Amino acid sequence: MNKMISSLVLILLSLLVITQTGATNHDIDGITIHNPWVRLAPSNAPVLGVFMEIHNNSNHDIRLLSANASGYKRLELHKTEYKNGMMKMTKQGFMPILAHDKLILKPGSWHIMMISPESASNEGEFVMVELIFDNGSSKTLRVKVKKEI
Amino acid sequence: MFKKIFIVVVMVVIVLSLYVNFNHNYKGLSKQLKASFMLYNPDKELSYFSLVDHNNNKFDNKNFKDKWTLLSFIYTHCPDVCPTGLMDMSILKSILIKRGASIVPNIVTITFDPIRDTPEVLKTYVTYFDKSFLGVSGNQSQINQLVQDFGAYYERVVYAKNGKSTVFKNDKPLPEWALVAGYLINHTAWIYLVGPNGQIFAGFPLPHNPLEMADDIELLTENY
Ligand SMILES: [Cu+2]
């Protein structure tokens, strides 16, 4: 009986988490995420880009420290820049989101790169992506795979 | 004797006037270009190369002859710039078709990274953007030669476990550990238009605006 109750509680809790993260706008810790998307890629693409807007509504600068998603070897924080006539994609230790400001992740700029997918992603599917910030908060997003914004 | 000299003089005059005319026309043309630069240089021919396309057929200088080609260099471990470039080219192609352009160039993309981008890999990757696109792989040093001829450039960046990065110039072979660790590639991202004479004709730097590129391609191919 106890077991049943605890598993019921667990299910309810996880439902709560899912419904919460399904919404793009929630503001417990001063961070809101807008329009997250995974760029649809060829079925054998060894890497996939994740893009979004990260808003910081707090009075403090916040850093995105890392990102996780199951089904990938690892996720890296990247920034593409045009330098010396070349497009350079460099790995970043963190992404800065300044107080009362936002960071835009988009093609040709900041992005999260998901490396070595276990299987191909199809258009309209969702990837659960966890973001970990330096203020102790983390967010799990349900990110839709699509062609372009 | 005089007749011979006369013929030679006439021929020289004809060739010269053709040459001047040609230069004159192309100068006028380059002023009208919106998204590209004329790169044609009759003194700088493309080196001989022999690569392999994504159907495992030979791809060499002959594949550029008697047709127009839009050429780019990519690598498939690129989530960002390269897919955007290929997407832009598929948009560009559909614009040209919709306009009823008399010439729609063949679209070919050569990998900077033949170690990872085999013909099989390229076939799945490149045809995702458009069924007609052709991916080309092959010998690294042949690709390097071609990259150099086109005035393109790339370098590979390997990250160690501690986050430190090492840059390997394109002519430097990668050590075994780098192949295991994986690497990123910094690269130029021009799209090139190759003429029916098999030579580089024009180039499109970033950012790529498919509408303006289509205008330039129509202008360039019609005035060739
Ligand atoms: Cu990246």
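For the structure, check the block above.
Every value quoted in this text rests on a predicted model; they were computed, and no experiment measured them.

Reading the values: the criteria
- Residues numbered from 1 in each chain as written.
- Chains lettered and ligands numbered in written order.
- Predicted model: local features only at pLDDT ≥ 70, side-chain atom pairs only at ≥ 80, totals over all residues.
- Heavy atoms only, no water.
- Helix = DSSP H or I, 4+ residues; strand = E, 2+ residues; numbered from the N terminus.
- Buried < 20%, exposed > 50% of the residue type's maximum accessible area, 1.4 Å probe, protein only.
- Contact = heavy atoms within 4.5 Å.
- Areas by Shrake-Rupley, 256 points an atom, 1.4 Å probe, with all protein chains shown as cover.
- Buried area = accessible area lost by both parts, 1.4 Å probe.
- Salt bridge = Lys/Arg side-chain N within 4 Å of Asp/Glu carboxyl O.
- Polar contact = N/O pair within 3.5 Å; in protein donor to acceptor, adjacent residues only side chain to side chain.
- Nonpolar A, V, L, I, M, F, W, Y, C, P; charged D, E, K, R; others polar.
- Donors = N, O, S within 2.8 Å, 3.2 Å for Na, K, Ca; no water.
- Tetrahedral: all angles 85-135°; square planar, octahedral: opposite > 155°, others 65-115°.

> Kindly report on the overall build of chain A, identifying the contributing residues and their values.
Scanning chain A from N- to C-terminus turns up one helix and 10 strands. With 149 residues in all, chain A has 40% of them scored as buried. Excluding contacts between residues fewer than 6 apart, the proportion of contacts in chain A whose partners are at least 24 apart in sequence is 62%. As displayed, chain A offers around 7900 Å² of accessible surface, 55% of which is attributable to carbon and sulfur atoms.

> Tell me about the interface of chain B and chain A, and please be specific about residues and values.
Listed by partner, the interface residues are 26 residues for chain B and 29 residues for chain A. Summed over both partners, the interface of chain B with chain A buries about 2200 Å², with 62% contributed by carbon and sulfur atoms. By the criterion of area lost to chain A, the three top residues of chain B are Pro79, Asp80 and Tyr128 of chain B, representing 28% of everything that side buries. Run the count over chain B and chain A and you get one salt bridge. For glutamate 155 of chain B, the salt bridge goes to lysine 88 of chain A, with nearest N and O atoms at 3.9 Å. Linking chain B to chain A there are nine residue pairs in polar contact (both at pLDDT 80 or more). Secondary-structure elements contributing two or more residues to the side of chain B that touches chain A are helix 2 (81-99), helix 3 (119-129), strand 7 (154-159) and strand 9 (183-187) of chain B. Broken down by element, the residue count for the side of chain B that touches chain A peaks at five residues, all from helix 3 of chain B. When its residues are assigned to classes, the side of chain B that touches chain A shows 17 nonpolar, seven polar and two charged.

> Would you mind going over the side chain of serine 137 of chain B in detail, with residue names and values included?
Residues and elements named next belong to chain B. With respect to the helices and strands, the residue serine 137 is situated in strand 6 (residues 134-137). At 2.8 Å, the side chain of serine 137 forms a polar contact with the backbone oxygen of aspartate 117. Setting aside anything within four residues of it in sequence, one finds serine 137 in contact with Leu51, Val52, Thr111, Pro114, Asp117, Thr118, Pro119, Leu122 and Ile143.

> Kindly report on the coordination of the copper ion, identifying the contributing residues and their values.
Residues and elements named next belong to chain A. Looking at the copper ion, one finds its protein donor set to be His78 (ND1), Met89 (SD), His111 (NE2) and Met113 (SD), positioned 2.1 to 2.6 Å from the metal centre. Classification of the site at the copper ion rests on its four donor atoms, whose angles at the metal span 89 to 131 degrees, yielding the label tetrahedral. Summarised as a motif, the one-chain spacing of the donors to the copper ion is H-x10-M-x21-H-x1-M. Here the residue methionine 89 occupies a position in strand 5 (residues 86-91), and methionine 113 occupies one in strand 8 (residues 110-117), the gap between them amounting to 24 residues.

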